[in-house]
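# Report on the structure
Each chain, written out:
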Amino acid sequence: MDRIKDPHIVRLIEQIGEHYRTNISNRFLRPVLLQIQIDKTTWDLIEVLTEKMELYRYQGFHLDELYRQIAACARFVEIARNKATIKNKLSSLPDGPDKILREMAVSNFASNLKVFSDLLNELFISLVEMDKKDAGDPRQAVYSQMPELYNIGRLLVGQ
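Here we summarise the structure given alongside this text.

Core analysis: the largest hydrophobic core is formed by 49 residues, its most contacted members being Tyr67, Phe76, Phe116 and Leu127. Secondary structure elements with two or more residues in this core: helix H1 (7-24), helix H3 (40-51), helix H4 (63-80), helix H6 (99-107), helix H7 (109-135) and helix H8 (152-157). When residues in this core are grouped by element, the largest group, eleven residues, is from H4. Once you skip the residues sitting within four places of it in the chain, Phe76 turns out to touch Tyr20, Ile24, Leu33, Ile36, Ile38, Trp43, Ile46, Leu113 and Phe116.

If you want it as structure tokens, here you go:
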């Protein structure tokens, strides 16, 4: 399959990265998020999707790599949804000059995680549609050959 350069897909990836950097992995939340028990490979895949978009903007994205990055983000979302653990860690951060901004980031974390999850789900659905169309036969589509994608919807919507 050719590299993906579809403007809708590229814009979704930009939105995901922008939202992640601004609302999920910002300077207030990042220290706590990095304490989440996720393997380095998963963190690396999340970072490539959310922070290294410039590497792929002009040459295009590989479909299988995008699927792996979405799966990694979905694992992160599932773990981060455990609000009790995250909220306890966040509330134990020391007070400082940015206390109000930190409290806003903490109190909006769940809704921002939901927006992130929704954007990932939209990207996944768009990629699957493109994948099916390009493959002709749904059984030949890339997503159908990647076991890590079988429960992606459940991870993203939290069921």
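The next point concerns the environment of Leu49. By secondary structure assignment, the location of Leu49 is in helix H3. Relative accessible area serves as the criterion here: at 2%, Leu49 is assigned to the buried category. Excluding its chain neighbours within four sequence positions, the residues that come into contact with Leu49 are Ile13, Ile16, Leu66, Gln69, Cys73 and Leu120.

Enumeration according to the criterion identifies seven salt bridges in this entry. Of the charged contacts, one joins Asp64 and Arg68 as a salt bridge, the two residues approaching to 3.3 Å between their closest N and O atoms. Of the two residues, Asp64 and Arg68 both sit in helix H4, four residues apart, roughly one turn of that helix. Of the residues examined, Asp64 reaches a relative accessible area of 29% and is grouped as partly exposed.

A separate point is the packing of aromatic side chains. Considering all chains together, one arrives at five aromatic pairs under this definition. Consider the rings of Tyr20 and Phe116, whose centres lie 5.3 Å apart with planes at 40 degrees: the pair is tilted. Pair noted here: Tyr20 is in helix H1 and Phe116 is in helix H7, with a separation of 96 residues, a long-range link. Here the two residues Tyr20 and Phe116 agree in accessibility, since each one is buried. Here Trp43 and Phe76 contribute two aromatic rings whose centre-to-centre distance is 5.8 Å and whose plane-to-plane angle is 55 degrees, an arrangement assigned as tilted. Taken as a pair, Trp43 in helix H3 and Phe76 in helix H4 lie far apart in primary sequence, 33 residues in all. Exposure remark for Phe76: the relative accessible area of 0% places this residue in the buried category. Put simply, the rings of Tyr20, Trp43, Phe76 and Phe116 pair up and form one aromatic cluster.

Conventions used here
- Counting starts from 1 at the beginning of each chain's written sequence and moves along it residue by residue.
- The predicted nature of this model means local features are confined to residues of pLDDT at least 70 and side-chain atom pairs, given and counted, to a pLDDT of 80 or more, with totals for whole chains, interfaces and linings taken over all residues.
- To get the side-chain values, all heavy atoms of the structure are used, and hydrogens and water are removed first.
- Residues belong to one nonpolar core when they are buried, are Ala, Val, Leu, Ile, Met, Phe, Trp, Tyr or Cys, and are joined through side-chain atoms within 4.5 Å.
- Relative accessibility thresholds used throughout: buried, under 20% of the residue-type maximum; exposed, over 50%; partly exposed, between the two (1.4 Å probe, protein chains only).
- Under the DSSP-based scheme used, a helix requires at least four consecutive residues in state H or I and a strand at least two consecutive residues in state E, with every element numbered from the N terminus.
- The criterion used for residue contact is that any of the two residues' heavy atoms lie within 4.5 Å.
- A side-chain nitrogen of Lys or Arg and a carboxyl oxygen of Asp or Glu constitute a salt bridge if their distance falls within 4 Å.
- Only rings of Phe, Tyr and Trp enter the pairing, Trp through its six-membered ring, and a pair is recorded when the two centres are within 6.5 Å. The plane angle decides the type: under 30 degrees is stacked, over 60 is edge-to-face, the rest tilted.

Remember, this is a structural readout, not a statement about activity or role.
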